[in-house]
Amino acid sequence: MARVEALSAYRALLRATRKTFAGDSQMLTGSAAEVRKNFEDNRQVTSEAEIRRLLDEAREATHFVANMIVQAKLNSSGGYQMKPGKEHAGATLEIPSEDNLKTV
């Protein structure tokens, strides 16, 4: 049962990253690699309590990526534009400075 739950959590987190970072190949590649690494690093965990904790963390990460991150996109005038969706309602908005965005 834990294997099925882990696979479901893995897929949900990947779906959230694909939706959030759509159009940003660098973030898509990086986030997919990070998700895979985290799951692979814990593949050998056998403790039921530890598995539950890890699955809870994966669910929290999925929620965070899907509901708390809005990808800014460079517009034609050279600025960045964000379009939060209804899933972001109630989230705290933190806008990085232009200087920070240029270093990324």
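Quick caveat, the model's predicted, so the values are computed rather than measured. (Residues numbered from 1 in each chain as written. Predicted model: local features only at pLDDT ≥ 70, side-chain atom pairs only at ≥ 80, totals over all residues. Heavy atoms only, no water.)

*Asks:* Could you give me a rundown of the nonpolar core, with the residues and numbers involved?
*Replies:* Counting six residues, the largest nonpolar core consists of Y10, L13, L14, A16, V35 and V65. Ignoring any residue separated from it by four or fewer positions in sequence, one finds L13 in contact with V35, F39, A61, T62 and V65. (Core = buried A, V, L, I, M, F, W, Y, C linked by side-chain atoms within 4.5 Å. Buried < 20%, exposed > 50% of the residue type's maximum accessible area, 1.4 Å probe, protein only. Contact = heavy atoms within 4.5 Å.)

*Asks:* Could you give an account of helix α3 (residues 48-68), with specific residues and numbers?
*Replies:* Over its 21 residues, α3 extends 29 Å from the first C-alpha to the last, a length consistent with the 30 Å expected when each residue adds 1.5 Å. Check the buried side of α3 and you find it contacts α1 (2-20) and α2 (25-41). (Helix = DSSP H or I, 4+ residues; strand = E, 2+ residues; numbered from the N terminus. Expected span 1.5 Å × (residues − 1).)

*Asks:* Provide a residue-level description of the confidence of the model for the protein chain, including the pertinent values.
*Replies:* The predicted model of the protein chain averages 85 in pLDDT, with 79% of residues at 70 or higher. Looking over the protein chain, one finds the lowest element-wise mean pLDDT in helix α4 (residues 98-103), namely 59, and the highest in α2, namely 96. (pLDDT = per-residue confidence, 0-100.)

*Asks:* Could you give an account of the environment of N38, with specific residues and numbers?
*Replies:* Along the chain, N38 turns up in helix α2. Separated by 20 residues in the primary sequence, N38 and A58 have C-alpha atoms spaced 9.5 Å apart.

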